[in-house]
Amino acid sequence: MKVKIKSWMGVATWRWIANDENCGICRMSFENCCPECSLPGDDCPLVWGACSHCFHMHCIVKWLNSQPNSQQCPMCRQNWKFNIQ
Amino acid sequence: MTDIDAVWERTCKVFPILKKTLSETSVGNEDIEHVIRELSALGLCESVYESAFIEFDFILRQQIVPRFWKHFESVPDPDTGFYNFQLAVHELYSDFSRAQEVLRRLTLFRQVCRLKNQEKVAKSEEATFDELFRSVLLSQLAANFNDIVYAFYKVSFRIFANSYDNNDQDEFAEDMIELNCNGCGKETERCRCQELVCAFNTTNKHLYKMHLLDKLAGYTLTNLIQERITAHVEETCKGVFDASHIKNLQKWLDTIVINWLTRIFNRGSSKISEGDGYTHNVIENFRIKLSYFLYETYAKLIIDQFFNIIIDFPDSQLAIDDLKVCLEKIDLRKHLIKTLKQSLEARLLHPGVNTMDILTGYVAAIKAIRHLDPSGVLLETTTEPIKEYLRKRSDTVRCVITGLTEEGPTDLAEELAKSETLKENVDVKGKDEMLNWEVWNPDPIDASPVPRPKRTSRSADIISMVVDIYGSKELFVNEYRNLLADRLLVQLDFNPEKEIRNLELLKLRFGDSLLHSCEVMLKDISDSKRINSHIQSDLNYSNGKAFPISSLILSSQFWPAFNKETLELPDEIQDEFKKYTTSYEAYKGNRTLVWRPVTGRVVLEIELAGRTLEMTVNPTQAAIIHYFQERNEWALEELSGLLKIPPSILRKRISFWQTQGLIKERDTDIYTLIDEMEQSQVDPSQSQEICEEDESESAMASASDQREEELQVFWSYIVGMLTNLDSMPIERIHQMLKMFASHGSGVEFTQEELKNFLQRKVREYKLIYNGGVYHLPK
Ligand SMILES: [Zn+2]
Ligand SMILES: [Zn+2]
Ligand SMILES: [Zn+2]
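- The name given to chain B in an unreviewed UniProt entry is Anaphase-promoting complex subunit 2, and the organism recorded there is Hermetia illucens.
- UniProt, in its Sequence similarities (unreviewed entry) section for chain B, records the words "Belongs to the cullin family."

- The name recorded for chain A in an unreviewed UniProt entry is Anaphase-promoting complex subunit 11, from Hermetia illucens.
- According to its UniProt record, chain A has this under Pathway (unreviewed entry): "Protein modification; protein ubiquitination."
- Per its UniProt entry, chain A bears the Subcellular location (unreviewed entry) comment "Nucleus".

### Quick notes on the overall build of chain B
- A count of helices and strands for chain B gives 33 helices and nine strands.
- Counted over contacts in chain B with a minimum sequence separation of 6, partners at least 24 positions apart contribute 71%.
- Of the roughly 40,500 Å² that chain B leaves accessible, carbon and sulfur atoms contribute 52%.

### Quick word on the coordination of the zinc ion (ligand 3)
Residue and element names in this part refer to chain A.
- The protein atoms that coordinate the zinc ion (ligand 3) are Cys51 (SG), His53 (ND1), Cys73 (SG) and Cys76 (SG), at distances spanning 2.0 to 2.4 Å.
- Taken together, the four donor atoms surrounding the zinc ion (ligand 3) define angles of 103 to 115 degrees at the centre, an arrangement classified as tetrahedral.
- Going along the chain, you hit the donors of the zinc ion (ligand 3) in the pattern C-x1-H-x19-C-x2-C.
- Cys51 gets classed as buried once you look at its relative accessible area, which sits at 14%.
- With relative accessibility at 26%, the residue His53 sits in the partly exposed group.

### Regarding the confidence of the model for chain B
- For chain B, mean pLDDT is 79; residues scoring 70 or higher make up 82% of the total.
- Listed scores for the predicted complex are pTM 0.61 and ipTM 0.95.

### Considerations on the interface of chain A and chain B
- Contact with chain A, which involves 29 residues of that partner, is made by 50 residues of chain B.
- The three residues of chain A that bury the most area against chain B are Met1, Trp8 and Val11 of chain A, which together make up 25% of that side's buried surface.
- Applying the counting rule to chain A against chain B returns four salt bridges.
- Across the contact surface, chain A and chain B share 23 residue pairs in polar contact (both at pLDDT 80 or more).
- No other element matches the 15 residues that strand β1 (residues 2–16) of chain A contributes to the side of chain A that touches chain B.
- Judged from the six bridges that link them, β1 of chain A and strand β1 (residues 549–554) of chain B form a sheet pairing that is parallel.

### Brief notes about the coordination of the zinc ion (ligand 2)
Residues and elements named next belong to chain A.
- Cys34 (SG), Cys37 (SG), Cys44 (SG) and His58 (ND1) make up the full set of protein donors to the zinc ion (ligand 2), lying at 2.0 to 2.4 Å.
- Coordination at the zinc ion (ligand 2) comes from four donor atoms whose angles at the metal span 92 to 121 degrees, giving a geometry best classed as tetrahedral.
- Sequence spacing among the residues donating to the zinc ion (ligand 2) works out to C-x2-C-x6-C-x13-H.
- Take Cys44: its relative accessible area is 0%, and that puts it in the buried class.

### Side note on the packing of helix α26 (residues 636–643) of chain B against helix α27 (residues 647–659) of chain B
All names here are of chain B.
- Direction vectors running N to C along α26 and α27 enclose 100 degrees, while the axes themselves pass 10 Å from each other. By the angle between their axes, α26 is roughly perpendicular relative to α27. Taking contact as the criterion, the partners of Leu636, Glu637, Leu639, Ser640 and Leu643 in α26 are, on α27, Pro647, Leu650, Arg651 and Ile654.
- Considering only residue class, the contact of α26 with α27 consists of six nonpolar, one polar and two charged.

Definitions and cut-offs
- Residues numbered from 1 in each chain as written.
- Chains lettered and ligands numbered in written order.
- Predicted model: local features only at pLDDT ≥ 70, side-chain atom pairs only at ≥ 80, totals over all residues.
- Heavy atoms only, no water.
- UniProt positions renumbered as here; feature names shortened; annotations may be inferred.
- Helix = DSSP H or I, 4+ residues; strand = E, 2+ residues; numbered from the N terminus.
- Contact = heavy atoms within 4.5 Å.
- Areas by Shrake-Rupley, 256 points an atom, 1.4 Å probe, with all protein chains shown as cover.
- Donors = N, O, S within 2.8 Å, 3.2 Å for Na, K, Ca; no water.
- Tetrahedral: all angles 85-135°; square planar, octahedral: opposite > 155°, others 65-115°.
- Buried < 20%, exposed > 50% of the residue type's maximum accessible area, 1.4 Å probe, protein only.
- pLDDT = per-residue confidence, 0-100.
- Buried area = accessible area lost by both parts, 1.4 Å probe.
- Salt bridge = Lys/Arg side-chain N within 4 Å of Asp/Glu carboxyl O.
- Polar contact = N/O pair within 3.5 Å; in protein donor to acceptor, adjacent residues only side chain to side chain.
- Pairing = 2+ DSSP bridges.
- Axes fitted to C-alpha atoms, helices over the stretch in contact; angles between N-to-C directions.
- Parallel < 35°, antiparallel > 145°, perpendicular 65-115°, else oblique.
- Nonpolar A, V, L, I, M, F, W, Y, C, P; charged D, E, K, R; others polar.

Structural data, given as structure tokens:
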């Protein structure tokens, strides 16, 4: 007997490659979207800081805007710098 | 002494009753007064007066009454029955009339000789006789007497009703020359209706004069009329729901029945004279009693047919309006509820009826019952069993969704289209209710006394009522989501445009937020297609692949939980998925894929000696057959270890290949590839059942799995309660948790669900169940 796979339709879930599960600002899962958004993933992406913390992009932008004097990571209080990977 | 004899002779001539006869003698008043004076001189007045009544008693007992009842001894046919009765009454009346002359003389007698007890005799002679007459008559009542009276009046009623009908429909009369008269049943030419009516009127007049009409005929008349009413209501109203009958019925009662009765009680005339208050009262009493009976009969007829009325709705509105009118006069609520519940149960709630039909019936019932009782109380009481039954059917949500999104018998789609306008009206209506608080009525007492959690508004619209099958729209939407997930992942037979259109319709109704997950799910499916084609075009990927993979890539947070079924694919297959994942990671940057190997669909080409099979199977089945390609024989244990599938489930999965005729169980739990020579002998037609059973499995965690997860929230409460109270029966635990639930999480659950949860804890040795109560292990 010989079995040949002609096609395979599989099912997967996508996941962010991050060292945490939830956004430290909105507390939502990274696989969920930030409170401002309704669609996850492409429409509500993650960004990483130089400190290696990551957040929903919308969350950290909002956070930084609310802190006009100091641009710090809300988790580690280091100066926030976007890490362009 | 001769003197006394002569006086006696003369006395008997004046009062022949003393010789036990009513035969009349013509005597002048002077003769009577003469005899009285003679008797008075002898001091015999009193004893003669009394003997006269003793003789009356004797004659009644021995002659008149037995003769009357003798007419009723033989069992008559209806025709002679009529004449028998007429004759008997006629004879009785002639005796009665002759007695009147005797009574007149006795009255004179009493007055002339001023009998001592005259003051004491409060009653007239007539009244004394009447009483005697009636009591003797009734004391000898013939057994079949009521039958004869019944036959007599029945003939008369038929003639009367018929003559009425003829007057009513003159224009048709010529076309409908019937051979026999509808009234008397004789050939038309020899119709004797006229004669019978005469006899009838005379007889009633006689009975009336003897004060016997009520006593002899009252009971039978009432029975007869009630029977006629029942028959008439059946004839004219049964199965006719698109017309109001009340007016005609009332008219029929007032004209035919009441007129007929009036003639009976009013000596043949249908006009009661102004001063005759007595007859007025009699007829008025009949009218009231019979009206009630009419309404009751009609209401019961409608109630008995209510299921058909539901099915015919809205064409049957007029019948329901009639029932409403009846119910205002007669309280039949209990009967209505009981009958309605029974008929719904008998017609809808059994395995032979498919879910769509039950749902259609339910929607029709909602409309019809709410038309009857806008308060919604009746609806709630009578349809609870339907809801409960539908909740147990696994395809109910599917049918509801189909109903909501496709034209069909349920009319749900139509209702959904209406729902937009309905939402706008809600506020206005609420205001009205506030303005009308003064005329607010409390719920009828049959409203369920215990308020259920999250009761939907009683005046909720039909879709809410349907959705209410699941207790709340959240639970309904949740069921819909599970259904959608299954369709998208397992059945793969969905039509994306249609699903999107459905979703848009449902969003209109249930709001965007509840259905947001479903929207993401559908978007995942269409995104997957795009991602797929991108990955296929990635040369790094497509050049190195062993077989084509396509994937549904899901946003885990928005899909219902998967079931816990496991599968580990053979390495060479896993490698292919790793390649796919790599390409995905390159495309989407910072994102990766977590495969769920157990779900999916695989097309295989199996080459056997001399033939090639192409089949579509699930991944587990594909993995199993893949291993048998490497080796002919596997022990269940070994395969179970490789595939990471528990043996009990694996056995079930292997059976698919057994029914396909490729694998056999050589020895207990030892499976072998069937020799290629043998393969052709296996009949593949047997395979059908297991395959189908397999197809129907769901990739999602079942509702009860999810429930248990939800109940986990309460576990610490339960432990706390049992620590404090030592042991508790399930009812108690359920009650207390419901209290917590109503303040806290908002999770609702039945005692049954709680029991499943607690039993699981018992299996996990975290609880002990003993003697009907739960307690913690020491
Ligand atoms: Zn966030
Ligand atoms: Zn966002
Ligand atoms: Zn940081």
